[in-house]
Amino acid sequence: MSKISIDLGTSNTQIACLDTNGQPKNIGGIIPTVLYVDSEANRIHVGQAAVYAYENALHAKKENASSYYLENFKPELCQAQVTPDDLTVLTGVDGKLMTWLQVLTACFSYFRRFAMENEFAGAEVNEIVLTHPVDFPNIELYRQAALNAGFKTVDFVQEPEAAYHGYKVGGRNLGNKVLVFDMGGGTLDVALLEQVNGAWSVRNQPLRLDTAGCHIDWAICESLQNELSEAGLLSNSDDVASFIKYAREQIKEPLGSGVLDAARIRYMSDVTDGRLKGTYTRERFYRVLDGLLVPVFRTIKSYVNGLPQSPDTVLMVGGSSRLSYVKDKLEKLFSGIKVFSPADGGSLVAKGAMLVATAPPVVPIISAPDDQSRVEPTRPDLDVRLFMKF
């Protein structure tokens, strides 16, 4: 049976499998983590198709279009346990609100079909590896949804650990103590991995914060929107919707390059009927980000100060790891410690999960170190801490 891994993110999802040489590879690039319910066609769209369907509904000025569109839902699943029958805000084809189980089943069903069509020539994909944040409360909900979607076996791997193993592909080395900084679209996970007697394990309780890229995007957009509205450049709801949509899609790349280039300024001017003017510099964005993320970095600093040992290196992964602002802050926070921000940081979790899931199990480590730091089951070569199978 064929196996895939899925890294379900707040903003985007990544799917991976093993190639013929046993190396992990991405399937189909980045897939938006969104759903749109087409009540007229009695169909649920997921991914880019959902984005297109929603845009078409807005252009057609369909009433209640937003009631049929769902995005940025993962943070809610990270905050508290929900039951399969708990309702979301998404209206289904029957006019009733969909449950969380229905929403996740629709997502996993689409990802399964996507992998079968784009990688396995239509052959069945029956095994899945799902990644999840640290201390994720809805493992059982994920499992039920995956089984409903047609998968026969469901494995789980924590995201920071999967990211570390994904980075090791190709012989990349990070030293013996690595702080994994996984900043995605709705959660921030920080975990220290250490090599002890040839095996890797997580040291101390990992840190998870419910803030990251999605919140960054909205904070910047709202700040710019307020400025433009006060200047009379955004005069109605259509202008605001167009600006917010474009800005959220484009915000991360401009932050990385330092300035919104002329072409993007012209585009945003077009979507606001030529009334948008001005250039938004890196410093302008940074002022907004400081208000949002300075408290987050204080928490991270406190967490790291409480670790028994300092890390040798810091590995940045997740969609928001592309922000040069974040790397600058981390380099100042961890002065003298090398901070790695790989270009493929967004896909490392899905790739690493495939490696973890295909590694042979070994006997767990029973004894704890003298400092009582947490050491849990490991695997040879891959040295993973947590691996659950149902």
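Residues numbered from 1 in each chain as written. Predicted model: local features only at pLDDT ≥ 70, side-chain atom pairs only at ≥ 80, totals over all residues. Heavy atoms only, no water.

## Let's talk about the pattern of salt bridges
So, step 1. Summed over the entire model, instances satisfying the criterion amount to 9 salt bridges.
So, step 2. A salt bridge links Glu127 to Lys3; its shortest N-O distance comes to 3.4 Å. With Glu127 in strand E10 (residues 125-132) and Lys3 in strand E1 (residues 2-8), this pair connects stretches of sequence that are 124 residues apart.
So, step 3. With a relative accessible area of 17%, Glu127 lands in the buried category.
So, step 4. You can call Lys3 buried: its relative accessible area is 17%.
So, step 5. Among the ionic pairs, Glu119 bridges to Lys25, the shortest N-O distance being 2.8 Å. With a gap of 94 residues between them, Glu119 in the loop between helix H3 (100-118) and E10 and Lys25 in strand E3 (residues 24-26) connect regions that are remote in the sequence.
So, step 6. The class of Lys25 is partly exposed, set by a relative accessible area of 30%.
So, step 7. A single salt-bridge network, built from bridges that share partners, covers Lys3, Glu127 and Asp155. (Salt bridge = Lys/Arg side-chain N within 4 Å of Asp/Glu carboxyl O. Helix = DSSP H or I, 4+ residues; strand = E, 2+ residues; numbered from the N terminus. Buried < 20%, exposed > 50% of the residue type's maximum accessible area, 1.4 Å probe, protein only.)

## Here we look at the environment of Ile31
So, step 1. Assignment of secondary structure puts Ile31 in strand E4 (residues 31-32).
So, step 2. A residue is classified by how much of its surface remains accessible, and Ile31, at 4% relative accessible area, is buried.
So, step 3. Each C-alpha atom, one on Ile31 and one on Ile15, is 8.5 Å from the other, the two residues being 16 residues apart in sequence.

## Quick notes on helix H1 (residues 48-59)
So, step 1. The end-to-end C-alpha separation of H1 is 17 Å, in line with the 16 Å expected for 12 residues at 1.5 Å each.
So, step 2. The secondary structure elements touched by the buried residues of H1 are E4, strand E5 (34-38), strand E6 (43-46) and strand E7 (69-71).
So, step 3. Lys61 lies just past H1 and shows a positive phi near 55°. (Expected span 1.5 Å × (residues − 1). Contact = heavy atoms within 4.5 Å.)

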